[in-house]
Amino acid sequence: MHAFDILGDPVRRRILELLAEGELPAGSIAGTIGAEFGISQPAVSQHLRVLRDNGFATVTVDGTRRLYAVDPGPLREIDTWLDRYRKFWTNRLDALETELHRGRRDKN
């Protein structure tokens, strides 16, 4: 599966957002995602499996708990791929910053 196919799903993107804050138990992820998206615990488990099987998340077994964390490798690969396109928005953001500074200067 291609990285953008995996990240194209809003549930998987949200799971990664949660994991970006730090390691979480599967039950906590299922509770949050279930409440936000109205999906069952088995459905959340399937999304976690896709993330794990494709290298976006790692799992550590701690007794009866499964702790999930982000694996940054595939995200670095996406960032590298995006480098060739970054020029399309970097110049515009620099221009916006210049205009914002001009606006502040004019108000003073």
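Refer to the structure printed above.
Below is a summary of the structure that appears in this document. (Residues numbered from 1 in each chain as written. Predicted model: local features only at pLDDT ≥ 70, side-chain atom pairs only at ≥ 80, totals over all residues. Heavy atoms only, no water.)

### With respect to the overall build of the protein chain
Line of reasoning, step 1. Of the regular secondary structure elements, the protein chain holds five helices and three strands.
Line of reasoning, step 2. Counting helices and strands in the order they occur from the N terminus, the protein chain gives α-α-β-α-α-β-β-α.
Line of reasoning, step 3. For a compact globule of 108 residues, the expected C-alpha radius of gyration is about 13 Å, and the protein chain comes in at 19 Å, more than 25% above that figure.
Line of reasoning, step 4. By principal-axis analysis of the C-alpha atoms, the protein chain measures approximately 60 × 30 × 25 Å.
Line of reasoning, step 5. Counting over 108 residues, the protein chain shows a buried share of 22%. (Helix = DSSP H or I, 4+ residues; strand = E, 2+ residues; numbered from the N terminus. Rg over C-alpha atoms; globule rule 2.2 N^0.38 Å. Buried < 20%, exposed > 50% of the residue type's maximum accessible area, 1.4 Å probe, protein only.)

### Overview of helix α3 (residues 26–37)
Line of reasoning, step 1. The end-to-end C-alpha separation of α3 is 16 Å, in line with the 16 Å expected for 12 residues at 1.5 Å each.
Line of reasoning, step 2. Within α3 the residues assigned to the buried category are I29, A30, I33 and G34. Viewed end-on, α3 has its buried residues packed into an arc of 120°, placing them on one side of the element. Facing away from the buried side of α3, by more than 90 degrees, are the exposed residues G27 and A35.
Line of reasoning, step 3. Structurally, α3 contributes buried residues whose contacts are with α2 (10–20), β1 (24–25), α4 (41–53) and β3 (65–70).
Line of reasoning, step 4. Among the residues trailing α3, G38 stands out with phi positive, at a value near 65°. (Expected span 1.5 Å × (residues − 1). Arc of directions from axis to C-beta. Contact = heavy atoms within 4.5 Å.)

### Digging into the environment of R65
Line of reasoning, step 1. Within the fold, R65 resides in strand β3.
Line of reasoning, step 2. On the basis of relative accessible area, R65 is assigned to the partly exposed category, the value being 41%.
Line of reasoning, step 3. Distance in space between the C-alpha atoms of R65 and A26 is 7.3 Å, their sequence separation being 39 residues.
Line of reasoning, step 4. If near-sequence neighbours (up to four positions away) are discounted, R65 is found in contact with P25 and T60.

### Structural notes on the environment of L16
Line of reasoning, step 1. Considering the arrangement of structural elements, one finds L16 in helix α2.
Line of reasoning, step 2. Distance from L16 to W81, taken between C-alpha atoms, is 19 Å for residues 65 residues apart in sequence.

### A look at the pairing of strand β2 (residues 57–62)
Line of reasoning, step 1. By the bridge criterion, six bridges tie β2 to β3 in an arrangement that is antiparallel. Bridged to V61 within β3 is R66. (Pairing = 2+ DSSP bridges.)

### Some thoughts on the packing of aromatic side chains
Two measures describe an aromatic ring pair: the distance that separates the ring centres and the angle between the ring planes.
Line of reasoning, step 1. For the structure shown, the criterion picks out two aromatic pairs.
Line of reasoning, step 2. A ring pair is formed by W81 and Y85, whose centres lie 4.9 Å apart and whose planes are at 45°; its orientation type is tilted. With W81 and Y85 both in helix α5 (residues 73–107) and four residues apart, the pair spans about one turn of that helix.
Line of reasoning, step 3. The exposure class assigned to W81 is partly exposed, which follows from its relative accessible area of 37%.
Line of reasoning, step 4. Aromatic ring contacts, followed pair by pair, group F4, W81 and Y85 into a single cluster. (Phe/Tyr/Trp six-rings, centres within 6.5 Å; stacked < 30°, edge-to-face > 60°.)

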